[in-house]
Amino acid sequence: MDYVGRLFIFARNRTKDMERRIKIVWILTLLTCMLMIGGQGYWLYNQYGYSVDEYMHVMHGQLLELEKSEFKARYEQKNSRSKLDVRTDQTLHVHYQMQLPDSQNTSGRSKWGVTFSEKQMPQVPTDSSIVRDSFVVENIPSELVMEAASRYTAEQTTPFTVQHFDSLLRTLHVEPEDIQLTRTDAYQWAGTYAPGGRLFRPLMHIVYPYNPLKKEIATATLVIPLDPLIRQMGWQLLGSICLVILLLFCFVYQIKTILKQRRLDELRKNFVNTMIHELKRPVQTLKMCVAALSDKAMRTDEQVMDEVVRDAMFEIDNLTAYLTKVRDMTRADYEHTPLSIRTFDLKATIDKLVRLCNRPDGKRVNITTHFDMDTPLVTADPVHVANIVSNLIENSVKYSHDQVDIHIDCQLHGTSLTLSVEDNGIGIPHSAQLRVFDKFYRADNLPDRNIPGIGLGLSYVKLLTEAHRGTVSLRSRPGEGTTVLISFPQ
């Protein structure tokens, strides 16, 4: 196997290996992003749960303070003629009695609305009081005796109501639900709460023992608002969102970079293949010309020699034009396009290009010009301007049918020079109009894939136009033709 073959196989293997590595990089990057985003989401979830628990704990502490204030207010409103006797040993003995309003009235109806008889009052003390309640509570913590007894006294004189509890809860700026006053089977000495609900609708189930000696409790469900939770986690949420956005941006940017690199590799590959295809024709023609020149019999025929020389010069010009475009496009990748700005006659330059335009056999080419300017003198690089117009004329001829009509319009308005080249060619599809100025790109609507070209014509035009600080654009409709507009500052 020759050297070129081995080089081709090596390049193909390296390309496959590179594509495999790119796939591995994509997979690893995607997994890394998913793991980091998942970990960040898990951390936020736990942090959210911690914030909810912390908020409930703080709110429960505020509720207990409000309950103490409410209890104190009710306790201070107790009837002055009521008395609670509390005796403690191992158990709590509660003996609640209330003074009668009239010490001489031991029977009949008092102004409290209760009828008493002698039989009903065998244990009434001598101080004319009536026993309202008497019971025993076992295993009560000693430090809670006085508070529990005070709550019992307050409940006997000023009963706790649902309205009391609702007003307390609304003081915390929460929406209470399902408020109930009930009894339990066991003693409960302190208020408690339990979390519940869904992720974005957290609930707080609270229990308030307003009369623990009688096992009476108040229960309610509070809907925790999300606004304070979000404000509490503001910086954490902002940092997490920024981190996730940064990760997604890096992932998308990496994918775009890899895709762009692959597209450039494909463009380079296509460029090499196209260049080989395009160079075959002039090389083959030059080879035939050299063979004709080496034939002594044919060298005596001057007419044949003139045709051979003319064909050779034509192909050499084409080859030179190809190499010039490649050189200028390559140079543009790492430096600015050099310009030689001077004042020249634009009309004379374009007329010369029209006169020397290559008209292929089998095509009828008609080129018209129009100059809307007071003077044909303009300031630019004459060589580059000539290359721009020459490339546009060449494209119009190349991508047209047998009858080619080209119109070149030049206008000078103030400090702006506008050139337009209009043809009646095959046109450019709308989907390809944004890419025709890319290097090595050729549209897919070519009637003949053997039409010569390497996809550098319009990109070369754009390069030279932007070197003059100008702009280039086009209008095209498939089957009707294309108009390329170029504007130069003057």
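Heads up: the structure comes first, above all this text.
(A) Broad picture of the pattern of salt bridges. Under the defined criterion, the tally for this structure stands at ten salt bridges. Arg477 serves as the salt-bridge partner of Glu480, at 3.8 Å between the closest nitrogen and oxygen. In terms of burial, Glu480 and Arg477 fall into one category: exposed. Through salt bridges with shared partners, one network takes in Glu70, Arg74 and Glu155.

(B) View of the pairing of strand β8 (residues 201–211). Counting buried residues in β8 gives eight out of eleven residues, a clear majority hidden from the surface. Hairpin connection, strand β7 (residues 192–198) to β8: the antiparallel pair is bridged by two residues. Note that β8 and strand β9 (residues 216–223) share seven bridges and pair antiparallel. Bridge pairing in β9 places Tyr208 opposite Ala218. Between β8 and β9, which pair antiparallel one after the other, the connecting turn spans four residues, and Lys215 there sits at a positive phi close to 60°.

(C) Structural detail: the packing of aromatic side chains. Counting across every chain of the model gives seven aromatic pairs. Ring centres 5.5 Å apart and planes at 75° place the aromatic pair Phe160 and Tyr208 in the edge-to-face group. Taken as a pair, Phe160 in the loop between α2 (145–157) and α3 (162–170) and Tyr208 in strand β8 lie far apart in primary sequence, 48 residues in all. Given a relative accessible area of 4%, Phe160 falls into the buried group. Every member of this aromatic cluster is reached through a ring pair, and the members are Phe160, Phe165, Tyr208 and Tyr210.

(D) Broad picture of the pairing of strand β15 (residues 471–477). Examined bridge by bridge, β15 and strand β16 (residues 481–489) share seven bridges and lie antiparallel to one another. Opposite Ser473, over in β16, you have Leu485 as the bridge partner.

(E) Quick look at the sheet that holds β7. Taken together, the four strands give an open sheet; going across it, the order is β6-β9-β8-β7, and neighbouring strands pair in antiparallel fashion. The open sheet has two edge strands, β6 (175–183) and β7, and neither has a second partner. Adjacent strand axes in the sheet meet at a mean angle of 20°, parallel and antiparallel pairs treated alike. As paired strands, β6 and β9 are joined by seven bridges and run antiparallel to one another. Residue Leu181 lies in a different strand from β9, and its bridge partner there is Ala218. Sheet contacts for α3: β6, β8 and β9; angle to β6, the most-contacted strand, approximately 145°.

(F) A look at the sheet that holds β16. One open sheet holds the five strands; their spatial order is β11-β13-β14-β16-β15, and the pairing between them is mixed. Two strands in the sheet have a free side with no partner beyond their single neighbour: β11 (364–372) and β15. With strand direction ignored, the average angle separating the axes of adjacent strands in the sheet is 10°. Relative to β16, strand β14 (residues 416–423) runs antiparallel, the two being bridged by seven bridges. Considered in β16, the bridge of Thr418 is made with Ser487. Relative to the sheet, helix α8 (residues 346–355) contacts β11, β13 (403–413) and β14, its axis offset from that of β11 by approximately 175°. With respect to the sheet, helix α9 (residues 382–398) is in contact with β11, β13, β14 and β16, its orientation differing from that of β13 by roughly 150°.

(G) Representation of the packing of α9 against helix α10 (residues 457–467) in the model. At a closest axis distance of 9 Å, the pairing of α9 and α10 adopts a crossing angle of 155°. Looking at the two axes, α9 sits roughly antiparallel to α10. Crossing geometry of α9 relative to α10 is assigned as left-handed. Here α9 contributes His384, Asn387, Ile388, Asn391, Leu392 and Asn395 to the contact with α10, which in turn contributes Gly457, Leu458, Tyr460, Val461, Leu464 and Thr465. When its residues are assigned to classes, the contact of α9 with α10 shows six nonpolar, six polar and no charged.

(H) Just the environment of Gln232, in detail. Within the fold, Gln232 resides in helix α4 (residues 226–232). On a C-alpha basis, the gap between Gln232 and Val52 in space is 9.8 Å, while along the polypeptide they are 180 residues apart. Apart from the residues lying within four places of it in its own chain, the contact partners of Gln232 are Ser51, Glu54 and Tyr55.

The rules we used
Residues numbered from 1 in each chain as written. Predicted model: local features only at pLDDT ≥ 70, side-chain atom pairs only at ≥ 80, totals over all residues. Heavy atoms only, no water. Salt bridge = Lys/Arg side-chain N within 4 Å of Asp/Glu carboxyl O. Buried < 20%, exposed > 50% of the residue type's maximum accessible area, 1.4 Å probe, protein only. Helix = DSSP H or I, 4+ residues; strand = E, 2+ residues; numbered from the N terminus. Pairing = 2+ DSSP bridges. Phe/Tyr/Trp six-rings, centres within 6.5 Å; stacked < 30°, edge-to-face > 60°. Axes fitted to C-alpha atoms, helices over the stretch in contact; angles between N-to-C directions. Contact = heavy atoms within 4.5 Å. Parallel < 35°, antiparallel > 145°, perpendicular 65-115°, else oblique. Left-handed = near helix turned anticlockwise from the far one by under 90°. Nonpolar A, V, L, I, M, F, W, Y, C, P; charged D, E, K, R; others polar.

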